[in-house]
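For reference, the chains in residue letters:
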Amino acid sequence: MPHRAEAEALDRADPLAGLRDRFALPPGVIYLDGNSLGPLPRATPARLAEVIGREWGEGLIRSWNDAGWMDLPARVGERIAKLIGAPQDSVLVADSTSLNVFKLLGAALALRPGRREIVTEADNFPTDVYVAAGLADLLGQGHRLRRVAAEDLPASLGPQTAVLMLTHVNYRTGAMHDMAALTRAAHAAGALVVWDLAHSAGAVPVDLTAAEADMAVGCGYKFLNGGPGAPAFLYVAPHLHDGLRFPIQGWLGHAEPFAFAPDFRPAAGIAAGLVGTPPVLGLAALQIGVELALEAPMPTVREKSRQLGDLFATLVARECAGHGLRLLTPEAPARRGSQISYAHPGAYPIMRALIARGVIGDVRAPDILRFGLTPLTLRFADVWDAVAVLREVLDSGVWHAPEFQTRPKVT
Ligand SMILES: *Cc1c(COP(=O)(O)O)cnc(C)c1O
């Protein structure tokens, strides 16, 4: 693509172009970090003001019933279910992704009592790995976490495997697993699968039912645009609901929370996955983000994401050649999520120089530049402009300046 005008033509033909205006993006910023913190939907501040002022301020405690607060985990879960191919009554919004990994792994291990291994990808997101290792220790029954390279996953499943725990789209490289094939491999070994959809929900097509996935977690603040610290979601396939026991028994997972009974009796099905009081403000914000995601047909989102990625990679290959950027994301569209990543020894200072110029991506250790491609808000012309800024930063060598060498607390 030799001219910016061609990127502009793609924008004019983009069926998702209208959605950008539904988000409050600051002027002068090209936002390539929606995979880490989704942008603010325009409707969110007014909705939160209503929940705070009317529902909380005026309704007070009556709003648990009158404003439907107590139903929000299931109601928002029902909407997320539509994004991930999950049937009714199988998804709940609760807690954080990390905590839901713990809850689901604990429930899955209890369903495979004779087996002692959790298998995961060596390059999985740290919190998933830490939680799994911590749970294995806590159980004190000889459970262990095996971390293997992605290509060795199928061969490492066997009679000792209780759970295969994987993140669908890799947070560093953007590589996407074949969910159906790996789930089949795990089932053939008699194991259950827990999928982490943190970088998938709202970004790529997911069909948990078709893949016969057993359990899944996902994140509310990334492609679902629920805001910083938005609550996460959890999924359990209906055929596992009978006898499901979560390792945290909280009062809201009780069959009758307001009976205040002395002993725990789990609610039926996924409802037992609630622990404590729902974060109402976070749920209200997440609801707005999820409804926006549902407005965009997933095949259209996927196609635009692919085109954005192709354009980005093509332009970087042409404009930034000779600067040592190494593409980490698989080139085959079926093998990548909605981000593009490059390795470069100067990743941190380069990203700081980009951010200083209004191009916001992020960096992942040790040396990875990450650019999130959010089809709901990103324009093809933005990709063009972002690569032009990247080229300027690399050509000029400005990223070597001392001001870009320090690392902030959050990268
Ligand atoms: C973002 C992300 C998380 C985040 O977990 P929190 O509990 O919300 O901090 C977990 N797992 C993966 C794979 C992620 O990408």
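Residues numbered from 1 in each chain as written. Predicted model: local features only at pLDDT ≥ 70, side-chain atom pairs only at ≥ 80, totals over all residues. Heavy atoms only, no water.

**Q** Talk me through the domain arrangement of the chain; I want residue IDs and the actual numbers.
**A** Domain parsing of the chain yields domain 1 (4–16 + 297–404) and domain 2 (47–295). For domain 1 and domain 2, the distance between their C-alpha centres works out to 30 Å. Taken together, both faces of the contact between domain 1 and domain 2 bury some 1,500 Å²; the carbon and sulfur share is 60%. Considering only the side of domain 1, the residues that lose the most area to domain 2 are Met 298, Gln 339 and Leu 376, jointly responsible for 28% of the buried surface there. The interface formed by domain 1 and domain 2 holds zero salt bridges in total. Put simply, the parts of the chain that give the side of domain 1 that touches domain 2 at least two residues each are helix H10 (298–319), strand E10 (339–343) and strand E13 (368–372). Examining the composition of the side of domain 1 that touches domain 2, we find that three residues originate from one element, H10, more than from any other. Each residue belonging to the side of domain 1 that touches domain 2 can be placed in one class, and the counts come to eleven nonpolar, six polar and five charged. (Domains from an automatic or database assignment. Buried area = accessible area lost by both parts, 1.4 Å probe. Salt bridge = Lys/Arg side-chain N within 4 Å of Asp/Glu carboxyl O. Helix = DSSP H or I, 4+ residues; strand = E, 2+ residues; numbered from the N terminus. Nonpolar A, V, L, I, M, F, W, Y, C, P; charged D, E, K, R; others polar.)

**Q** Tell me about the environment of Arg 146, and please be specific about residues and values.
**A** Relative to the helices and strands, Arg 146 is located in strand E4 (residues 144–148). Setting aside chain neighbours within four positions, we find Arg 146 in contact with Glu 117, Ile 118, Val 119, Thr 120 and Ser 156. In terms of polar contacts, Arg 146 uses its side chain to reach the backbone carbonyl oxygen of Ser 156, at 3.1 Å. (Contact = heavy atoms within 4.5 Å. Polar contact = N/O pair within 3.5 Å; in protein donor to acceptor, adjacent residues only side chain to side chain.)

**Q** I'd like a rundown of the pairing of strand E5 (residues 161–167), residues and numbers included.
**A** Among the seven residues in E5, seven count as buried, and that is most of the element. Two elements, strand E3 (residues 117–121) and E5, share four bridges in a ladder whose sense is parallel. Within the sheet, the bridge partner assigned to Thr 120 lies in E5 and is Met 165. Direction of pairing for E5 relative to strand E6 (residues 192–196): parallel, over a ladder of five bridges. Bridging across to E6, Leu 166 finds its partner in Trp 195. The parallel pair E5 and E6, bridged by helix H7 (residues 179–188), forms a crossover whose chirality is right-handed. (Buried < 20%, exposed > 50% of the residue type's maximum accessible area, 1.4 Å probe, protein only. Pairing = 2+ DSSP bridges. Right-handed = clockwise from strand over helix to strand, strands pointing away.)

**Q** I'd love a proper account of the site of the ligand, names of residues and values included.
**A** The immediate surroundings of the ligand are formed by Ser 96, Thr 97, Ser 98, Phe 125, Thr 127, Asp 128, Thr 167, Asp 196, Ala 198, His 199, Tyr 221 and Lys 222. At 3.4 Å from an oxygen atom of the ligand is found a main-chain nitrogen or oxygen belonging to Thr 97. One of the side-chain N or O atoms of Asp 128 is found 2.9 Å from a nitrogen atom in the ligand. Taking 390 Å² as the accessible area of the ligand by itself, protein coverage stands at 85%. Contributions of two or more residues to the shell around the ligand are made by helix H5 (97–111) and helix H6 (126–139). (Near = heavy atom within 4 Å. Areas by Shrake-Rupley, 256 points an atom, 1.4 Å probe, with all protein chains shown as cover.)

**Q** Can you explain the pattern of salt bridges? Please cite residues and give values.
**A** Throughout the structure, instances matching the rule amount to 25 salt bridges. A salt bridge links Arg 47 to Glu 55; the shortest N-O distance between them is 3.2 Å. Assessed through its relative accessible area of 22%, Arg 47 is described here as partly exposed.

**Q** Hey, could you go over a nonpolar patch on the surface for me, with residue numbers and the actual values?
**A** A contiguous nonpolar patch, built from Ile 52, Trp 56, Leu 60, Ile 61 and Leu 281 and spanning about 520 Å² of accessible area, is present on the exposed surface. Mapped onto the secondary structure, Leu 60 falls in the loop between helix H2 (44–58) and helix H3 (63–66). (Patch = residues over 30% accessible without salt bridge, like charges linked within 9 Å, V, L, I, M, F, W, Y side chains within 5 Å.)

**Q** Can you explain the nonpolar core? Please cite residues and give values.
**A** Counting residues in each nonpolar core, the largest one holds 46 residues, and the members touching the most others are Ile 80, Ile 84 and Leu 208. Mapped onto this core, the elements with two or more residues apiece are helix H4 (72–83), strand E2 (91–93), E5, H7, E6, helix H8 (208–211), strand E8 (233–236) and helix H9 (280–295). No other element matches H9, which puts six residues into this core. Discounting residues that sit within four places of it in the chain, Ile 80 has contacts with Val 91, Val 93, Leu 224, Phe 233, Leu 286 and Val 290. Core analysis: the second largest hydrophobic core is formed by 36 residues, Ala 7, Leu 378, Val 383 and Phe 404 among them. (Core = buried A, V, L, I, M, F, W, Y, C linked by side-chain atoms within 4.5 Å.)

**Q** I'd like a rundown of the side chain of Asn 100, residues and numbers included.
**A** Along the polypeptide, Asn 100 turns up in helix H5. Residue class for Asn 100 comes out buried when judged on its relative accessible area of 0%. Those residues in contact with Asn 100, other than ones at most four positions away along the chain, are Ala 94, Asp 95, Val 217, Ala 232, Phe 233 and Leu 234.

**Q** Residues and numbers for the packing of aromatic side chains, please.
**A** Two descriptors summarise a pair of aromatic rings, namely the distance from one centre to the other and the angle between the planes of the rings. Summed over all chains, the structure comprises eight aromatic pairs. Plain terms: the ring middles of Phe 125 and Tyr 171 are 4.9 Å apart, the flat faces sit at 75° to each other, and that makes the pair edge-to-face. In this pair, Phe 125 is assigned in the loop between E3 and H6 and Tyr 171 in the loop between E5 and H7, connecting sequence segments 46 residues apart. Taking the relative accessible area as the measure of exposure, Phe 125 reaches 30% and is therefore partly exposed. Tyr 171 gets classed as buried once you look at its relative accessible area, which sits at 6%. (Phe/Tyr/Trp six-rings, centres within 6.5 Å; stacked < 30°, edge-to-face > 60°.)

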